[in-house]
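Chains, contacts and geometry: an overview
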Amino acid sequence: MSIRIGIMGYGNLGRGVEYAIQQNPDMELAAVFTRRNPKDLKVLTGTAKVFPAEEAEKMKDEIDVMILCGGSATDLPEQSPKYAEMFNIIDSFDTHAGISQHFDEVDSAARKSGKLGIISVGWDPGMFSLNRLYANAILPNGKDDTFWGKGVSQGHSDAIRRIEGVKDAIQYTIPVESAISAVRSGEMPTLSAREKHTRECFVVAEEGADKAKIESEIKNMPNYFADYDTTVHFITEEELKKNYSGIPHGGFVIRCGKTGRKEEHTHIIEYNLKLDSNPEFTASVIVAYARAAYRLHHEGQSGCKTVFDIPPAYLSPKTGAELRKTL
Ligand code: API
């Protein structure tokens, strides 16, 4: 029997999850839940049912893992604990500073219900976090750095869209080339957030909105923009559609470490991503973790987990024997 997946929220990420499920024969999309009118939503999977979000609970026994595709700014803090009371869940909560509190809230809900939740799944947080962990464990005497972009951060774009008076927005994260070179040289420079990236925002304001207020709210937003040099451009809806329709991203995690009697040997570990579609890649990571959530719950585990807690073999559709033979 295949793993029955539910999607809560059918935007870029939700659609990406549907594409990813289609590439994994051990999974099927059972249902999509939306805040829009279900009649207005066309999903690709003919057999999947579409329901209003409020009716999720009635599908409790027909969904093995519910994938929450909302944003971290306002959706997930409320949705993840709520749905962990009914389902095994996966989310991509990406406010790094809020992860500990989010973990506790999902953990207490999931322990009560006996369900399992994996939070903050994607590439950063997610695959990048795992690579930082591996590299730190392997090279304890060293330093790691993460660079993003140039590309579109879904988290930052979503955070801007939540500001009053903003109709639509897109945010590009731009790495500072001189900082990248310094890090790759193995010199282990000390760099602040501001020295490593700049942020560029393209914003469509509602008619009559106070643009100066929007700009200052963006630039001073804690966790997202306050620690960076941020530029804000106001553009029209047409310009946004025409010039900024793609959602590419990427970046890399690098750790430079020393070993040897006099620590005379330098080692550099680098994990690099170049993504045509940030949401589709994030969705692909999420779907692999949905498989792990299903298996762990089957083994009787419950509560909240992160990518750090998941044995790698659980992500793969292959058996242990196949993995030993092939990878
Ligand atoms: C940035 C990164 C992007 C991480 C990827 C993902 C997203 O500033 O561009 O929101 O797209 N933090 N969390």
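Residues numbered from 1 in each chain as written. Predicted model: local features only at pLDDT ≥ 70, side-chain atom pairs only at ≥ 80, totals over all residues. Heavy atoms only, no water.

**Some thoughts on the overall build of the protein chain**
The number of helices and strands found in the protein chain is 11 helices and 14 strands. Computed over its C-alpha atoms, the radius of gyration of the protein chain comes to 21 Å, within 12% of the 20 Å expected for a compact globule of 327 residues. Here the contacts in the protein chain between residues at least 6 apart in sequence split such that 69% fall between residues at least 24 apart. If the 39 positive side-chain charges of the protein chain are averaged to one point and the 46 negative ones to another, these points end up 4 Å apart. (Helix = DSSP H or I, 4+ residues; strand = E, 2+ residues; numbered from the N terminus. Rg over C-alpha atoms; globule rule 2.2 N^0.38 Å. Contact = heavy atoms within 4.5 Å. Lys, Arg positive; Asp, Glu negative; His and termini not counted. Charge placed at Lys NZ, Arg CZ, Asp CG, Glu CD.)

**Notes on the sheet that holds strand S3 (residues 49-52)**
Where strands meet in a sheet, backbone hydrogen bonds hold them as pairs that are either parallel or antiparallel. The parallel open sheet is built from seven strands, whose spatial order is S3-S2-S1-S4-S5-S6-S14. Bordering the open sheet on either side are S3 and strand S14 (303-305), each of which pairs with just one other strand. Ignoring strand direction, the axes of neighbouring strands in this sheet form an average angle of 20°. The pairing of strand S4 (residues 65-68) with strand S5 (residues 88-90) spans three bridges and is classified as parallel. Within S5, the residue paired with Ile67 across the bridge is Ile90. Helix H3 (residues 99-113) contacts S5 and S14 of the sheet and is inclined by roughly 140° relative to S14. (Pairing = 2+ DSSP bridges. Axes fitted to C-alpha atoms, helices over the stretch in contact; angles between N-to-C directions.)

**Re the pattern of salt bridges**
Under the counting rule described, the total for this entry stands at 18 salt bridges. In this structure, Arg4 and Asp64 form a salt bridge, with 3.1 Å as the shortest nitrogen-oxygen distance. In this pair, Arg4 is assigned in strand S1 (residues 3-8) and Asp64 in the loop between S3 and S4, connecting sequence segments 60 residues apart. Close ionic contact of Lys196 with Asp145 constitutes a salt bridge, the shortest N to O distance being 2.9 Å. You can see Lys196 sitting in helix H7 (residues 193-196) and its partner Asp145 sitting in strand S7 (residues 142-148), a full 51 residues away along the chain. (Salt bridge = Lys/Arg side-chain N within 4 Å of Asp/Glu carboxyl O.)

**Details of the sheet that holds strand S9 (residues 166-175)**
Pairing is mixed across the open sheet formed by four strands, whose spatial order is S8-S9-S10-S11. Either end of the sheet is taken by a strand with one partner, and the two such strands are strand S8 (151-152) and strand S11 (229-234). Bridge count between S8 and S9: two bridges; the pairing is antiparallel. Residue Gly151 lies in a different strand from S9, and its bridge partner there is Thr173.

**A look at a nonpolar patch on the surface**
Residues Leu133, Tyr134, Ile138, Ile269 and Phe308 make up a contiguous nonpolar surface patch of about 470 Å² in total accessible area. Of all the elements, helix H4 (residues 127-138) adds the most residues to the nonpolar patch, at three residues. Looking at the secondary structure, you find Tyr134 in helix H4. (Patch = residues over 30% accessible without salt bridge, like charges linked within 9 Å, V, L, I, M, F, W, Y side chains within 5 Å. Areas by Shrake-Rupley, 256 points an atom, 1.4 Å probe, with all protein chains shown as cover.)

**Some remarks on the site of the ligand**
Taken together, Asp94, Trp123, Asp124, Trp148, Ser153, Gln154, Gly155, His156, Thr173, Arg199, His249 and Asn278 make up the full set of residues adjacent to the ligand. Measuring from an oxygen atom of the ligand, one finds a side-chain N or O atom of Ser153 at 3.4 Å. Residue Gly155 places a main-chain N or O atom 2.6 Å away from an oxygen atom belonging to the ligand. Burial of the ligand by the protein amounts to 93% of the accessible area it has alone, namely 350 Å². (Near = heavy atom within 4 Å. Polar contact = N/O pair within 3.5 Å; in protein donor to acceptor, adjacent residues only side chain to side chain.)

**Topic: the confidence of the model for the protein chain**
Per-chain confidence: the protein chain averages 97 in pLDDT, with 100% of residues scoring 70 or above. Scored as a complex, the prediction yields pTM 0.95 and ipTM 0.91. (pLDDT = per-residue confidence, 0-100.)

**Side note on the side chain of Ser277**
The residue Ser277 is located in the loop between strand S13 (265-275) and helix H10 (278-298) in this model. Residue classification places Ser277 among the buried residues on the basis of a relative accessible area of 18%. Side-chain polar atoms of Ser277 contact the backbone nitrogen of Glu280, separated by 3.1 Å. If sequence neighbours within four positions are ignored, Ser277 has contacts with Ile247 and Pro248. (Buried < 20%, exposed > 50% of the residue type's maximum accessible area, 1.4 Å probe, protein only.)

**Looking at the packing of helix H1 (residues 12-22) against H10**
In the contact formed by H1 and H10, the axes pass within 8 Å of each other and the chain directions differ by 55°. Comparing the axis directions of H1 and H10 gives the class oblique. Judged by the sense of rotation from one axis to the other, the crossing of H1 with H10 is right-handed. Contacts from Asn12, Leu13, Gly16, Val17, Tyr19, Ala20 and Ile21 of H1 reach H10 at Pro279, Glu280, Thr282, Ala283, Ser284, Ile286 and Val287. (Parallel < 35°, antiparallel > 145°, perpendicular 65-115°, else oblique. Left-handed = near helix turned anticlockwise from the far one by under 90°.)

**Some details on the pairing of strand S10 (residues 197-205)**
Burial analysis of S10 places seven of its nine residues in the buried class, which makes it a mostly covered element. Pairing of S10 with S11, which is carried by six bridges, proceeds in the parallel orientation. Bridge pairing in S11 places Arg199 opposite Thr230. Each parallel crossover has a hand, and for S10 linked through helix H8 (residues 211-219) to S11 it is right-handed. (Right-handed = clockwise from strand over helix to strand, strands pointing away.)

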